[in-house]
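Given next are the chains, with one letter for each unit.
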Amino acid sequence: MNYYVLSLFPEIIENSLNASITGRAIEKEIITLTSVDIRDFSDNKHMKVDDYPYGGGAGLVIKPTCVYDAYLHTLSLIKNQKKPRVVYMTPQGSVFNQKKAADFAKEEDLIILCGHYEGIDERVLETIVTDYVSIGDYVLTGGEIASVIVMDAVSRLVPGVLGNSESAFTDTFSDGLLEYPQYTRPEEFLGMKVPEVLRSGHHGNVEKWRHEQKLIRTRKNRPDLYEKYIMLHPEEELKD
Ligand code: ADE
């Protein structure tokens, strides 16, 4: 997986992705990160990339010319014959989820475009963007952190990125339920004991308890997911 991220603040992206599990994957060259600074493609001597919006209004709009030139430069770096998808991070996009992460993880190259200020001139977006993606119904100061979230979720689905002990956690959402609670030593903490069933060593009972905990937690925290799950598995509906 090769990421090419076009933004005005490459340091946010590099600092985040070069740490922890994604950092290790970059070191091992399982994933690559190329950040392209849109400002390098400014066409004026003050390195300005934005201008006043036509029609008036608050904020500045990123000019189409520098984004397009940054995009053409990025294409020149990509060896693959196939034209890569271009993901634009915007609260106007469709909301990112595990299914989208799995879809993006199938790609070899992904270009991700991050905006700032009031947005990017619509004409260049119409020309280059294939996917408009939001990470949720709130507005960030820019798309950089949103792009890091997308790349993190996608990267852990790329074969070889997670070690064996980490891949145990890939199940969340894959069956439509939230995960069960986890415990480790000590057996007693602030007067609270690890549930008896987990200490029993009875594998069947442990599995049953964990599945029930998933249902309880999902019903409490994500009633929308619980309803969907119960429609498909009515026999599993919680009694109380
Ligand atoms: N840029 C600003 N807010 C955003 C959001 N919620 N998702 C994606 N990109 C954004």
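Residues numbered from 1 in each chain as written. Predicted model: local features only at pLDDT ≥ 70, side-chain atom pairs only at ≥ 80, totals over all residues. Heavy atoms only, no water.

Asker: Tell me about the site of the ligand, and please be specific about residues and values.
Answerer: Around the ligand sit 13 residues in total, of which T90, I135, G136, Y138 and L140 are the nearest. At a separation of 3.0 Å, a nitrogen atom of the ligand approaches a polar backbone atom of I135. Here a nitrogen atom of the ligand and a backbone polar atom of G136 are 3.2 Å apart. A total of 260 Å² of accessible area belongs to the ligand in isolation, and the protein chains cover 96% of it. Contributing elements (two or more residues each) for the shell around the ligand: strand 5 (85–95) and strand 7 (131–134). When residues of the shell around the ligand are assigned to their parent elements, the largest contribution, three residues, is made by strand 5. Classifying every residue of the shell around the ligand by side-chain character gives eight nonpolar, five polar and no charged. (Near = heavy atom within 4 Å. Polar contact = N/O pair within 3.5 Å; in protein donor to acceptor, adjacent residues only side chain to side chain. Areas by Shrake-Rupley, 256 points an atom, 1.4 Å probe, with all protein chains shown as cover. Helix = DSSP H or I, 4+ residues; strand = E, 2+ residues; numbered from the N terminus. Nonpolar A, V, L, I, M, F, W, Y, C, P; charged D, E, K, R; others polar.)

Asker: Could you give me a rundown of the side chain of E107, with the residues and numbers involved?
Answerer: Assignment of secondary structure puts E107 in the loop between helix 4 (98–105) and strand 6 (109–114). Taking the relative accessible area as the measure of exposure, E107 reaches 14% and is therefore buried. There is a polar contact of 3.0 Å between the side chain of E107 and the side chain of K82. One polar contact links E107 to R85, side chain to side chain, over a distance of 3.1 Å. What E107 contacts, discounting residues up to four positions off in sequence, is M1, K82 and R85. (Buried < 20%, exposed > 50% of the residue type's maximum accessible area, 1.4 Å probe, protein only. Contact = heavy atoms within 4.5 Å.)

Asker: Got a sec to walk through the sheet that holds strand 1 (residues 2–7)? Specific residues and values, please.
Answerer: Pairing in this open sheet of five strands is parallel, and the strands run 2-1-6-5-7 from one edge to the other. The open sheet has two free edges, formed respectively by strand 2 (32–37) and strand 7, since each of these has just one partner strand. Strand-to-strand twist across the sheet, computed as the mean angle between neighbouring axes with direction ignored, equals 30°. The pairing of strand 1 with strand 6 spans five bridges and is classified as parallel. Following the sheet pairing, V5 is matched in strand 6 by I112. (Pairing = 2+ DSSP bridges. Axes fitted to C-alpha atoms, helices over the stretch in contact; angles between N-to-C directions.)

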